[in-house]
Amino acid sequence: MIGIDTCFLVDLDAAESPRHAGAEKLFREWLSTEQQLAVCSNVFLEYQHIMTDSKRFTVPLTMSQAIDRTWYWSEQSRIHILYPDDESFKCAQVWLSLYHLGRNRLIDTHMASIYARAGVTTLWTANAKNFEVFNMFALPEYY
């Protein structure tokens, strides 16, 4: 299963992103397969926060548009929304300690633990460096 990071979802949706074409290509390739995608619920929250930010985009989405796009993703049969549970929380806490990760790595570490528990083996992200420490995901570049 493939997991996606917020940056991938933003790159796919935002034509003004310098990684847009690469994200689109990777997504189109995925469409021709039977692979499943996993999305942590928090990815959608970050996506809505970023895509509605007028400081980041010339024409940001309205919150209503961002919510509509989240609904679209959540209704697809090959896309699974993942939520934290007790075990993923505990795993993330162990990893934060084990790898001496600080506050800037909280969200990514929790996301990684949720994906790990779900059997995700590949992670689409523009921030591969943030996930290399866990040594459990293929991290293909798309830019």
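Trainee: An account of the overall build of the chain is needed here, citing residue identities and associated values.
Mentor: On a plain count of helices and strands, the chain comes out with 7 helices and 4 strands. Written out in order from the N terminus, the α and β elements of the chain read β-α-α-β-α-α-β-α-α-β-α. Relative to the 2.2 N^0.38 estimate, which gives 15 Å for 143 residues, the radius of gyration of the chain is 15 Å and therefore close to what a compact globule would have. With the C-alpha coordinates of the chain rotated into their principal frame, the extents come out at 40 × 35 × 25 Å. Here the chain holds 143 residues, and 43% of them are scored as buried. For the chain, the share of sequence-separated contacts (at least 6 apart) that also reach a separation of at least 24 residues comes to 61%. When the accessible surface of the chain is summed, it comes to about 8200 Å², and 53% of that surface belongs to carbon and sulfur atoms. The positive charge centre, built from 12 side chains, and the negative charge centre, built from 17, are 5 Å apart in the chain.

Trainee: Hey, could you go over the packing of helix 1 (residues 6-13) against helix 2 (residues 20-31) for me, with residue numbers and the actual values?
Mentor: Two numbers describe how helix 1 lies on helix 2: the axes approach to 7 Å, and their chain directions differ by 100°. Relative to helix 2, the element helix 1 lies roughly perpendicular. Taking contact as the criterion, the partners of Phe8, Asp11, Leu12 and Asp13 in helix 1 are, on helix 2, His20, Ala23, Glu24, Leu26 and Phe27. Partitioning the contact of helix 1 with helix 2 into residue classes produces 5 nonpolar, 1 polar and 3 charged.

Trainee: Help me get a handle on the sheet that holds strand 1 (residues 2-4), residues and values and all.
Mentor: Taken together, the 4 strands give an open sheet; going across it, the order is 3-2-1-4, and neighbouring strands pair in parallel fashion. Looking at which strands have only one partner, the edges of the open sheet turn out to be strand 3 (79-82) and strand 4 (122-124). Neighbour-to-neighbour, the strand axes of this sheet turn through a mean angle of 30°, independent of strand direction.

Trainee: Got a sec to walk through the pattern of salt bridges? Specific residues and values, please.
Mentor: Side chains that differ in sign of charge can pair as their charged atoms come close. What the rule picks out here adds up to 7 salt bridges. Here Arg28 and Glu24 are joined by a salt bridge, their closest N and O atoms 3.7 Å apart. Here Glu24 and Arg28 lie together in helix 2, a separation of 4 residues that amounts to about one turn.

Trainee: Before we move on, could you go through the packing of helix 3 (residues 41-51) against helix 6 (residues 106-118) and cite the residues and values that matter?
Mentor: Remark: helix 3 packs on helix 6, axes separated minimally by 10 Å, with the N-to-C direction vectors making an angle of 145°. Of the residues in helix 6, those in contact with Asn42, Val43 and Glu46 of helix 3 are Ile107, Met111 and Tyr115. For the contact of helix 3 with helix 6, a count of residues per class yields 4 nonpolar, 1 polar and 1 charged.

Trainee: A description of the nonpolar core should follow, citing residues and the corresponding values.
Mentor: Side chains of nonpolar character tend, in soluble globular proteins, to be buried together. By size, the foremost hydrophobic cluster in this structure holds 43 residues, and its most contacted members are Ile4, Phe8, Phe27, Leu37, Trp73, Tyr115 and Trp124. Ignoring any residue separated from it by four or fewer positions in sequence, one finds Leu37 in contact with Met1, Ile2, Ile4, Phe27, Trp30, Trp73, Arg78, Ile79, His80 and Trp124.

Trainee: Kindly report on a nonpolar patch on the surface, identifying the contributing residues and their values.
Mentor: Together, Met63, Ile67 and Trp71 line one region of the surface with nonpolar side chains, adding up to about 310 Å² of accessible area. Within the secondary structure, Ile67 is located in helix 4 (residues 63-74).

Trainee: How would you summarise the side chain of Thr70 if you had to cite specific residues and measurements?
Mentor: Along the chain, Thr70 turns up in helix 4. Thr70 sits in the buried class, given a relative accessible area of 12%. Discounting chain neighbours no more than four positions away, the residues touching Thr70 are Phe44, Tyr47 and Gln48.

Definitions and cut-offs
- Residues numbered from 1 in each chain as written.
- Predicted model: local features only at pLDDT ≥ 70, side-chain atom pairs only at ≥ 80, totals over all residues.
- Heavy atoms only, no water.
- Helix = DSSP H or I, 4+ residues; strand = E, 2+ residues; numbered from the N terminus.
- Rg over C-alpha atoms; globule rule 2.2 N^0.38 Å.
- Buried < 20%, exposed > 50% of the residue type's maximum accessible area, 1.4 Å probe, protein only.
- Contact = heavy atoms within 4.5 Å.
- Areas by Shrake-Rupley, 256 points an atom, 1.4 Å probe, with all protein chains shown as cover.
- Lys, Arg positive; Asp, Glu negative; His and termini not counted.
- Charge placed at Lys NZ, Arg CZ, Asp CG, Glu CD.
- Axes fitted to C-alpha atoms, helices over the stretch in contact; angles between N-to-C directions.
- Parallel < 35°, antiparallel > 145°, perpendicular 65-115°, else oblique.
- Nonpolar A, V, L, I, M, F, W, Y, C, P; charged D, E, K, R; others polar.
- Pairing = 2+ DSSP bridges.
- Salt bridge = Lys/Arg side-chain N within 4 Å of Asp/Glu carboxyl O.
- Core = buried A, V, L, I, M, F, W, Y, C linked by side-chain atoms within 4.5 Å.
- Patch = residues over 30% accessible without salt bridge, like charges linked within 9 Å, V, L, I, M, F, W, Y side chains within 5 Å.

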